[in-house]
Amino acid sequence: MPLTVIAETGAGVANANSYATRAACDAYHEGRLHGSTWNTASDATKDAALVHSTRFLDANVQWQGGRVAIDQALAWPRKDVVWDGHDVPEDMLPRPVRDATCELARLLIGADLQAEQDSDNVSELNLGQSALVIKFKGDSQTRRVPLAIGELLQGLGGTASGGGIIQRRITR
């Protein structure tokens, strides 16, 4: 049975499985430098990538605020979210969440971002007299969430890549 993408609209759709539709991502990737990965994929591959990217985001982003309803399928919509100094309405899915879903879906088509990363990156581990010393081999900058995704989501949630800044309203 083919996968059906059910997009979150901001209403807390109980059976939603994506933050974006295929059409929204087609428009997002139109004219982008590396959009050909998305544009040449089959509809079935695009749909699977959208569902996968949404699951990946919800599993790897510490979103601001809290879910609006307990029975909504996805982490968005959310309440108590402040983005760029403004309250995000509880019935809104911010555009950067949709854009990050589209961008991540394209990246997932090209590579398995959830593959096990090499954890044997430590060349030396030593407990000195006053400090623990860890030396890494080569590139120790492995990221679970691509930096571009964290940058798209700045202010809405923090990622394992460190690419997000969470804003909070402070009431005095």
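All of these numbers come straight from a predicted model, not from anything done at the bench.

What counts and what doesn't
- Here the residue numbers are simple positions, counted from 1 along each chain's written sequence.
- Local features in a predicted model are, by the rule used here, given only for residues with pLDDT of at least 70; side-chain atom pairs are given and counted only at 80 or more, and totals for whole chains, interfaces and linings are based on all residues.
- Each side-chain value is derived from all of the structure's non-hydrogen atoms; neither hydrogens nor water enter the calculation.
- Any two cysteine sulfur atoms within 2.5 Å of one another count as a disulfide.
- Helix and strand labels come from DSSP, where a helix needs a run of H or I of at least four residues and a strand needs a run of E of at least two; each type is numbered from the N terminus.
- Note on classification: 1.4 Å probe, protein chains only; a residue is buried when its accessible area is under 20% of the maximum for its type, exposed when over 50%, partly exposed between these limits.
- Between rings of Phe, Tyr and Trp, where Trp is taken as its six-membered ring, a pair exists when centres lie within 6.5 Å; planes separated by under 30 degrees are stacked, by over 60 edge-to-face, and by other angles tilted.
- In this analysis the charged atom, NZ for Lys or CZ for Arg, is taken to sit over a ring once it is within 6 Å of the ring centre and within 35 degrees of the ring normal.
- Working definition of a nonpolar core: buried Ala, Val, Leu, Ile, Met, Phe, Trp, Tyr and Cys residues. They are joined through side-chain atoms within 4.5 Å.
- For helices, the fitted line uses only the C-alpha atoms of the stretch in contact; every axis is such a line through C-alpha atoms, and the angle between N-to-C directions lies from 0 to 180 degrees.
- Orientation is classified from the angle alone, with under 35 degrees giving roughly parallel, over 145 giving roughly antiparallel, 65 to 115 giving roughly perpendicular, and any other angle giving oblique.
- Put simply, a crossing is left-handed when the front helix is turned counterclockwise from the back one by less than a right angle, and right-handed when it is turned clockwise.
- Here, two residues are considered to be in contact whenever any of their heavy atoms come within 4.5 Å of each other.
- All amino acids are sorted into three groups, where Ala, Val, Leu, Ile, Met, Phe, Trp, Tyr, Cys and Pro are nonpolar, Asp, Glu, Lys and Arg are charged, and the leftover types, Gly among them, are polar.

The next subject is the state of the cysteines. Going through the model one piece at a time under the given rule, you end up with one disulfide. One disulfide in the model links C25 with C102; its S-S distance is 2.1 Å. Because the torsion about its S-S bond is -80 degrees, the bridge between C25 and C102 counts as left-handed. With C25 in helix α1 (residues 22–29) and C102 in helix α4 (residues 95–110), this residue pair connects regions lying 77 residues apart in the sequence. Both residues of the pair, C25 and C102, count as buried.

Attention now goes to the packing of aromatic side chains. Per the stated rule, a full pass over the model turns up one aromatic pair. Centre to centre, the rings of W63 and W76 are 5.6 Å apart; their planes meet at 80 degrees, and the pair counts as edge-to-face. You can see W63 sitting in strand β1 (residues 61–63) and its partner W76 sitting in the loop between β2 (66–67) and β3 (78–79), a full 13 residues away along the chain. According to the relative accessible area criterion, W76 is buried, its value standing at 0%. Its guanidinium or amino end placed over the ring of Y28, R32 lies 3.8 Å from that ring's centre, counting from NZ or CZ.

Further remarks concern the nonpolar core. Nonpolar side chains tend toward joint burial in soluble globular proteins. Core analysis: the biggest nonpolar cluster contains 20 residues, and Y19, L57, W63, W76, V97, I149 and L153 have the highest contact counts within it. Among the elements of the structure, α3 (43–60), β1 and α4 are those that each provide at least two residues to this core. Broken down by element, the residue count for this core peaks at four residues, all from α4. The next biggest cluster of nonpolar side chains, apart from the first, holds eight residues, and it includes A20, C25, Y28 and A49.

Our next topic: the packing of α3 against α4. The interhelical angle for the contact between α3 and α4, taken along N-to-C directions, is 120 degrees, at an axis separation of 8 Å. Between α3 and α4, the interaxial angle falls into the category oblique. Crossing geometry of α3 relative to α4 is assigned as right-handed. Every residue of α4 that contacts α3 at T45, A49, L50, H52, S53, T54, F56 and L57 is listed here: V97, A100, T101, L104, A105, L108 and I109. When its residues are assigned to classes, the contact of α3 with α4 shows 10 nonpolar, five polar and no charged.

Scope: geometric values only; no functional claims are made or implied.
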